[in-house]
Amino acid sequence: MTITHGELLYEGKAKRIFACQDPQQVLVEFKNDATAFNAQKKAQLENKGRLNCLISACLFELLERHEIPTHYLGVSDDTWMVVQRVDVIPIEVVLRNTAAGSLCRETPISQGTALDPALLDLYYKDDDFGDPLLTDARIALLGVVSFELRQRMEDLVRRVNAVLLPFFKDLGLQLVDFKLEMGLNQAGELLVADEISPDTCRFWDINCADANERILDKDRFRKDLGGVIEAYGEVCKRVQGACPQPRNCR
Ligand code: TMP
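A brief look at the structure comes next. (Residues numbered from 1 in each chain as written. Predicted model: local features only at pLDDT ≥ 70, side-chain atom pairs only at ≥ 80, totals over all residues. Heavy atoms only, no water.)

**Comments concerning the layout of surface pockets**
By volume, the second largest pocket is sized at about 150 Å³. Lining the second largest pocket are Arg50, Cys53, Leu54, Val75, Asp77, Asp78, Gln245, Pro246 and Asn248. Elements supplying a minimum of two residues to the lining of the second largest pocket: helix 1 (48-65) and strand 6 (72-77). In terms of residue count, the dominant contributor to the lining of the second largest pocket is helix 1 (three residues). Residues of the lining of the second largest pocket, tallied by class, amount to four nonpolar, two polar and three charged. (1 Å grid on protein atoms, 1.4 Å probe; cavity = no way out; pocket = protein on both sides within 12 Å on 5 of 7 lines; lining within 4 Å. Points joined across faces, edges and corners; volume = space filled by probe spheres on them. Helix = DSSP H or I, 4+ residues; strand = E, 2+ residues; numbered from the N terminus. Nonpolar A, V, L, I, M, F, W, Y, C, P; charged D, E, K, R; others polar.)

Written out as structure tokens, the structure is:
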């Protein structure tokens, strides 16, 4: 299907954003490009765009059913999503339920340690600086968000976790950690934006004891474990089994 869209507004590593007729909306195209380590590692993974679009759509609709505001409006085709236009806040919020990834590289905490309460880390969204970890003092110095907006962002991420953690547990998936981006719409509402997919979350298969085999997310690509698309497909199959078919916007 050919999608009618306006000008390309922005191209990121995994998505392209296009204008559409309604100035309050934009069209998001999910690409098959996979990148890691600030795009030092790159590949094309057939079907990744479709799987991430579908998984994200189901999860945005799940959040919506729990009255969590998101930018999502609907899907337009396999790899296209219609969303509200937002001003994306240049802070990536990572919520960690279980220690993995950079937390274990940068501290003596062992992989798999349960983090209760979940650890919330904020990163400055800027590829030129490699998305550095922020401190309270740096946030104040940079002036990227007010104290009040930051509180609202953190509350929103914890509410998202409270929905996603038990949802994935029921699917036999441990939600190890995830990254969210947020934005403000024209009305000044804070919305969950970007995507929620195996590119931006860590999922471990609860019924698999092997530390590598249980990985069902982008770590398969980061660590050269193979079977990346098969893992994304497995997550998609489980999510779709628990969610209605995402609504079509056009
Ligand atoms: P980290 O352990 O590498 O800091 O990653 C934490 C979570 O954030 C993990 O679920 C992967 C996700 N993430 C992104 O979505 N984009 C990124 O650029 C990075 C580094 C991590």
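This is not the end of the story, as more comes after the structure.
**Brief notes about helix 1**
Spanning 18 residues, helix 1 covers 26 Å between terminal C-alpha atoms, matching the ideal 26 Å at 1.5 Å per step. Along helix 1, 15 of the 18 residues are buried, which leaves the element largely enclosed by surrounding structure. Directly beyond the C-terminal end of helix 1, a positive phi value near 60° is found at glutamate 67. (Expected span 1.5 Å × (residues − 1). Buried < 20%, exposed > 50% of the residue type's maximum accessible area, 1.4 Å probe, protein only.)

**Here's the deal with helix 4 (residues 147-170)**
Along an α-helix, residues three or four positions apart point the same way, because every turn accommodates 3.6 residues. Counted at 1.5 Å a residue, the expected span for helix 4 with its 24 residues is 34 Å, and the 35 Å between its end C-alpha atoms agrees. Along helix 4, the residues that are buried comprise Leu149, Arg150, Met153, Glu154, Leu156, Val157, Val160, Asn161, Val163, Leu164, Phe167 and Phe168. Among the residues trailing helix 4, glycine 172 stands out with phi positive, at a value near 80°.

**Observations concerning the site of the ligand**
Taken together, 14 residues surround the ligand, and among them Arg96, Ser102, Asp177, Lys179 and Arg202 come closest. Note that an oxygen atom of the ligand is positioned 2.9 Å from one of the side-chain N or O atoms of arginine 96. Note that an oxygen atom of the ligand is positioned 2.9 Å from one of the side-chain N or O atoms of arginine 202. Considered on its own, the ligand offers 450 Å² of accessible surface; in the complex 78% of this is hidden by protein. Elements with a contribution of two residues or more to the shell around the ligand: strand 9 (91-98), strand 11 (173-184) and strand 13 (201-205). For the shell around the ligand, the element with the highest residue contribution is strand 11, accounting for three residues. Partitioning the shell around the ligand into residue classes produces five nonpolar, three polar and six charged. (Near = heavy atom within 4 Å. Polar contact = N/O pair within 3.5 Å; in protein donor to acceptor, adjacent residues only side chain to side chain. Areas by Shrake-Rupley, 256 points an atom, 1.4 Å probe, with all protein chains shown as cover.)

**A few points about the packing of helix 1 against helix 4**
Between helix 1 and helix 4, the least distance of the axes is 10 Å, while the angle of their chain directions is 120°. Classified by the angle their axes make, helix 1 and helix 4 are oblique. In this structure, helix 1 meets helix 4 at a crossing whose hand is right-handed. Contacts from Leu59, Leu62 and Leu63 in helix 1 reach Val160, Val163, Leu164, Phe167 and Phe168 in helix 4. Its residues assigned to classes, the contact of helix 1 with helix 4 comprises eight nonpolar, no polar and no charged. (Axes fitted to C-alpha atoms, helices over the stretch in contact; angles between N-to-C directions. Parallel < 35°, antiparallel > 145°, perpendicular 65-115°, else oblique. Left-handed = near helix turned anticlockwise from the far one by under 90°. Contact = heavy atoms within 4.5 Å.)

**What about the side chain of arginine 238?**
Checked against the element boundaries, arginine 238 lands in helix 6 (residues 228-242). Of the residues examined, arginine 238 reaches a relative accessible area of 17% and is grouped as buried. One polar contact links the side chain of arginine 238 to the main-chain carbonyl oxygen of glycine 172, over a distance of 3.3 Å. Apart from residues lying up to four places away in sequence, arginine 238 is in contact with Leu171, Gly172, Leu173, Asp205 and Leu216.

**A closer look at the packing of aromatic side chains**
One pass over the structure, following the stated rule, counts four aromatic pairs. Members of the aromatic cluster, each reached through a chain of ring pairs, are Phe167, Phe168 and Phe203. Directly above the aromatic system of phenylalanine 221 lies the positively charged group of lysine 41, at a separation of 5.0 Å from the ring centroid. In this structure, arginine 214 is placed above the aromatic ring of tryptophan 204, and the distance from its NZ or CZ to the ring centre is 3.8 Å. (Phe/Tyr/Trp six-rings, centres within 6.5 Å; stacked < 30°, edge-to-face > 60°. Lys NZ or Arg CZ within 6 Å of the ring centre and 35° of its normal.)

**With respect to the nonpolar core**
Most often, soluble globular proteins keep nonpolar side chains buried together rather than apart. Within the largest apolar cluster, 62 residues are counted, with the highest numbers of intra-cluster contacts made by Leu59, Met81, Met153, Leu164, Phe168, Ile196 and Val239. The element contributing the most residues to this core is helix 1, with ten residues. Among all residues touching leucine 164, those that are not within four sequence positions of it are Leu59, Leu62, Leu63, Leu175 and Ile196. Formed by six residues, the second largest nonpolar core is a distinct cluster that contains Cys20, Leu27, Trp80 and Val82. (Core = buried A, V, L, I, M, F, W, Y, C linked by side-chain atoms within 4.5 Å.)

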